[in-house]
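Listed below, chain by chain, are the residues.
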Amino acid sequence: MTRKIPMLQSLSCFEAAARHESYTNAARELSLTQGAVSRQVAALESFLGVRLFQRTRHGVALTPAGTAYARQVALRLAGLERDTLDAMAGQGAGGTIRLASVPTFATRWLLPRLEDLHASHPDIVVHLDARTRPFMFTEAEFDAALYAGSPEQIANWPGTRAVMLMPETVVPVASPRLLAGRKRWTPHDIARLPLLQQSTRPDAWRQWFDAMEVDAELAMHGPRYELFSMQAVAAAHGLGVALLPRMLVEAELLRGELQVVCDKPLGGQRAYYLVTPEAAPDTPALARFRLWLQVQSGADKRL
């Protein structure tokens, strides 16, 4: 049966023209003439029976149908390019996994362990991108995501299923310089220190102080950073106290760059999960990767 798929050159010309909303700029990017791009787009419109662009005083603009189609074509072309590069490099004989992850967990927990994955499963290739917030798998070329969140956040991520890898326990840490050699700090003492906030968890300090039964008026005050790694660097330079997962700052604690200010951890609020699209069946590579993650995180012992 003949597939209803347009010519690749027509799709490439359309994607570039849609991105620039200009035949001229698309032609420059693709090393073609403006007329060649125009003819390819016209051929695509004829194939689809749909107008993708409309003429304007300044050139061309996408129609609503063109906007929707351009979004899907861009995703498919990007995926095709990645598959082609994998094949050219001879990668992923056992399977390729496109993984999104919260950044600090990826750099400080996952990446140091990938050597073990390669030793155990040398035929699996993991491509890694950073994502700090949930996304729609139907609009992104990912097979799975590593995400830190509460059970409610995971349940509200539509179209996904998740496996918990490990709970998250956070502790207040700071530079020994900021603490001026003082070893014993109470939660009431910490409430008077400068607090470093995380923009994606604005209530983190409030939750910690509530658990400690401390009325901290300034719990929401202080500079905000998006990533745990940013907070760790800021804390190590004496800018304030950060509330961080201990497992992500073990290196700084061992080197003496950070110190646990008050050994009263807060757990049970969040955990780390492997999230996958509900509608997509596991590939053999993803199934093996999940089992490997469960062993590395100790989740297999908690089952």
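The structure this text deals with has already been given above.
Since this is a predicted model, take the numbers as computed values, not measurements.

Visitor: Which residues make up the pairing of strand E7 (residues 195-198), and what are the values?
Guide: Successive side chains on a regular strand alternate, one facing one side of the sheet and the next facing the other. Residues Leu195 and Gln197 point to one face of E7 and Leu196 and Gln198 to the other, with burial holding for every one of them. Across 2 bridges, the pairing between E7 and strand E9 (residues 241-245) is parallel. Following the sheet pairing, leucine 195 is matched in E9 by valine 241. Bridge count between E7 and strand E8 (residues 224-225): 2 bridges; the pairing is parallel. Bridge pairing links glutamine 198 to tyrosine 225 in E8.

Visitor: For helix H1 (residues 8-20), give the residues involved together with the corresponding values.
Guide: Over its 13 residues, H1 runs 18 Å from end to end, which matches the ideal 18 Å to within 8%, given 1.5 Å per residue. Residues of H1 that are buried include every one of Ser10, Leu11, Cys13, Phe14, Glu15, Ala16, Ala17 and Ala18, and no others. Of the residues trailing H1, glutamate 21 is marked for its positive phi of about 50°.

Visitor: Provide a residue-level description of the nonpolar core, including the pertinent values.
Guide: Grouped burial of nonpolar side chains is what soluble globular proteins tend to show. Leu99, Phe289 and Leu293 are the most contacted members of the largest nonpolar core, which totals 50 residues. If we ignore the near neighbours within four places in the chain, the residues touching leucine 99 are Leu110, Val126, His127, Leu128, Asp129, Phe142, Ala144, Ala145, Leu146, Leu274 and Phe289. Ala174, Ala191, Trp208 and Ala219 belong to the second-largest nonpolar core, a separate cluster that totals 20 residues.

Visitor: Any chance you could break down the packing of aromatic side chains for me, citing the residues and the numbers?
Guide: Tallying each qualifying case throughout the model produces 14 aromatic pairs. A ring pair is formed by phenylalanine 105 and tyrosine 272, whose centres lie 4.4 Å apart and whose planes are at 15°; its orientation type is stacked. Here the residue phenylalanine 105 occupies a position in helix H5 (residues 103-110), and tyrosine 272 occupies one in strand E11 (residues 266-277), the gap between them amounting to 167 residues. In terms of burial, phenylalanine 105 and tyrosine 272 fall into one category: buried.

About the criteria used
Residues numbered from 1 in each chain as written. Predicted model: local features only at pLDDT ≥ 70, side-chain atom pairs only at ≥ 80, totals over all residues. Heavy atoms only, no water. Buried < 20%, exposed > 50% of the residue type's maximum accessible area, 1.4 Å probe, protein only. Helix = DSSP H or I, 4+ residues; strand = E, 2+ residues; numbered from the N terminus. Pairing = 2+ DSSP bridges. Expected span 1.5 Å × (residues − 1). Core = buried A, V, L, I, M, F, W, Y, C linked by side-chain atoms within 4.5 Å. Contact = heavy atoms within 4.5 Å. Phe/Tyr/Trp six-rings, centres within 6.5 Å; stacked < 30°, edge-to-face > 60°.

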